[in-house]
Amino acid sequence: MYRRNGLSDGTSINSVTSEASSSSESLDGPCVDYAKSYDAVVFDVLKVTPEEFASQITLMDAPVFKAIQPEELASCGWNGKEKHSLAPNVVAFTRRFNQVSFWLVREILTAQTLKIRAEILSHFVKIAKKLLELNNLHSLVSVVSALQSAPIFRLSKTWALISRKDKATFEKLNYLTSKEENYTRMREYIRSLKMVPCIPYLGS
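Below: a short report on this structure. (Residues numbered from 1 in each chain as written. Predicted model: local features only at pLDDT ≥ 70, side-chain atom pairs only at ≥ 80, totals over all residues. Heavy atoms only, no water.)

Observations regarding the overall build of the protein
The condition that has to hold: Helix numbers and strand numbers start at the N terminus; a helix is a DSSP run of H or I with at least 4 residues, a strand a run of E with at least 2. Classification of residues uses two cut-offs on accessible area relative to the type maximum, computed with a 1.4 Å probe and protein chains only: under 20% is buried, over 50% is exposed, and between them is partly exposed. Whether two residues touch is decided by their heavy atoms; if any such pair falls within 4.5 Å, the residues are in contact. To be clear on the numbers: accessible area is Shrake-Rupley with a 1.4 Å probe, and residue cover counts the displayed protein chains and nothing else.
Of regular secondary structure, the protein possesses 11 helices and zero strands. Ordering the α and β elements of the protein from the N terminus gives α-α-α-α-α-α-α-α-α-α-α. Expressed as a percentage of its 204 residues, the buried residues of the protein come to 43%. Here the analysis covers contacts within the protein between residues at least 6 apart in sequence; of these, 75% occur between residues at least 24 apart. Put simply, the protein shows about 11300 Å² of open surface, and 57% of that area lies on carbon and sulfur atoms.

Side note on unusual backbone geometry
Unusually for a residue other than glycine, Asn-182 sits at a positive phi of about 60 degrees. The residue Asn-182 is located in the loop between helix 10 (164–176) and helix 11 (184–193) in this model. Of note in the backbone geometry, Tyr-183 takes a positive phi value of approximately 60 degrees without being a glycine. Mapped onto the fold, Tyr-183 is located in the loop between helix 10 and helix 11. In this structure Tyr-183 comes out as buried when scored by relative accessible area, which is 14%.

Side note on the packing of aromatic side chains
Here is the rule we go by: Side-chain rings of Phe, Tyr and Trp (the six-membered ring for Trp) are treated as a pair once their centres are within 6.5 Å; stacked means planes under 30 degrees apart, edge-to-face means over 60, and tilted covers the remaining angles. We call a charge positioned above a ring when the Lys NZ or Arg CZ atom is no farther than 6 Å from the ring centre and deviates by at most 35 degrees from the ring normal.
As enumerated under the stated definition, the model contains seven aromatic pairs in all. Taken together, a centroid distance of 5.2 Å and an interplanar angle of 55 degrees make the contact between Phe-53 and Trp-103 tilted. Linking Phe-53 in helix 2 (residues 50–66) with Trp-103 in helix 5 (residues 88–109), this pair joins segments that are 50 residues apart in sequence. Using a relative accessible area of 9% as the deciding quantity, one classes Phe-53 as buried. A centroid spacing of 5.5 Å and a plane angle of 70 degrees characterise the contact between Tyr-183 and Tyr-201, whose relative ring orientation is edge-to-face. Here the residue Tyr-183 occupies a position in the loop between helix 10 and helix 11, and Tyr-201 occupies one in the segment after helix 11, the gap between them amounting to 18 residues. Note on accessibility: Tyr-183 and Tyr-201 belong to one class, buried. Through a chain of ring-to-ring contacts, three or more aromatic side chains come together here, namely Phe-53, Trp-103 and Phe-124. One residue, Arg-185, lies across the ring of Tyr-175, its end atom 3.7 Å from the ring centre.

Details of the packing of helix 6 (residues 114–133) against helix 10
Note the following rule: To get an axis, a line is fitted to the C-alpha atoms, and for a helix only the part in contact is used. The angle between two axes follows their N-to-C directions and goes from 0 to 180 degrees. Our angle categories are set so that under 35 degrees counts as roughly parallel, over 145 as roughly antiparallel, 65 to 115 as roughly perpendicular, and the remainder as oblique. The handedness criterion is simple: a crossing whose near helix is rotated anticlockwise from the far helix by less than a right angle is left-handed, and one whose near helix is rotated clockwise is right-handed. Charged means Asp, Glu, Lys or Arg here, nonpolar means Ala, Val, Leu, Ile, Met, Phe, Trp, Tyr, Cys or Pro, and polar covers whatever is left, Gly included.
One can describe the packing of helix 6 onto helix 10 by two numbers: an axis separation of 10 Å at closest approach and a directional angle of 45 degrees. By the angle between their directions, the pair helix 6 and helix 10 is classed as oblique. Of the two possible hands of crossing, helix 6 and helix 10 adopt the one that is left-handed. Between helix 6 and helix 10, the contacting residues are Ser-122, Val-125, Lys-126, Ala-128, Lys-129 and Leu-132 on the first element and Asp-166, Thr-169, Phe-170, Leu-173 and Leu-176 on the second. Looking at side-chain class alone, the contact of helix 6 with helix 10 contains six nonpolar, two polar and three charged residues.

Comments concerning helix 6
Keep this limit in mind: Multiplying 1.5 Å by the helix residue count minus one yields the expected span of that helix.
Here helix 6 contains 20 residues, and its C-alpha end-to-end distance of 29 Å stays within 8% of the 28 Å for a straight helix at 1.5 Å per residue. Burial in helix 6 covers these residues: Arg-117, Ala-118, Ile-120, Leu-121, Ser-122, His-123, Phe-124, Val-125, Ile-127, Ala-128, Leu-131 and Leu-132. Remark: Asn-135 follows helix 6 within two positions and exhibits a positive phi of approximately 60 degrees.

A closer look at the nonpolar core
How we decide: What makes a nonpolar core is a set of buried Ala, Val, Leu, Ile, Met, Phe, Trp, Tyr and Cys residues whose side-chain atoms join them at distances within 4.5 Å.
The biggest cluster of nonpolar side chains holds 38 residues, and the ones touching the most others in it are Ile-108, Leu-121, Leu-140, Leu-147, Ile-152 and Trp-159. Where this core is concerned, the elements lending two or more residues are helix 2, helix 5, helix 6, helix 7 (137–148) and helix 10. Among the elements that line this core, the one with the most residues is helix 6, at nine residues. Not counting residues up to four positions away in its chain, the partners in contact with Trp-159 are Leu-121, Leu-147, Ile-152, Phe-153, Lys-167 and Phe-170. Core analysis: the next-biggest nonpolar cluster, separate from the first, contains six residues, Val-64, Ile-68, Phe-93 and Ile-199 among them.

Written as structure tokens, this is what we have:
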């Protein structure tokens, strides 16, 4: 579910070195840099509310999702070599998924202290909750997937500082978005929405 391609510009991520042993702190596989194309302007994610983040992410996702044409889905063209011509809007939608995931991982791993890292992680859990409230399942899965990814999930000392409430929220979101039995729980959730608008998760 978590996609790791695409981001590398030579800026190393080393803020987790004080948190874990070399085996537990290293990225899963070759070192991946999540900072490509990231704006150099100083930006503090903690100064923007989870509600505002979720709203802005959804406003960015919506037009990309609405641009997808029925034939792109019917052909499953996004799985082939000609995906950019057969399903360009699905490809763009997938790119949005990756952008959110990479942004989240970068913000957490580049935190200057353990305390700030834990605060940022908690902030993203709250953002995920707000995304669910907005029925943006696409970015909800992106956030949950990133929090489950090896670079983040291995930060045991960071997770230890997360409140019980945020941990419980994350577990509920993880349960809802689980890919068990072909995303049965998420499918049931979408059915329960009936005619309420939502941005679905199209799968990896």
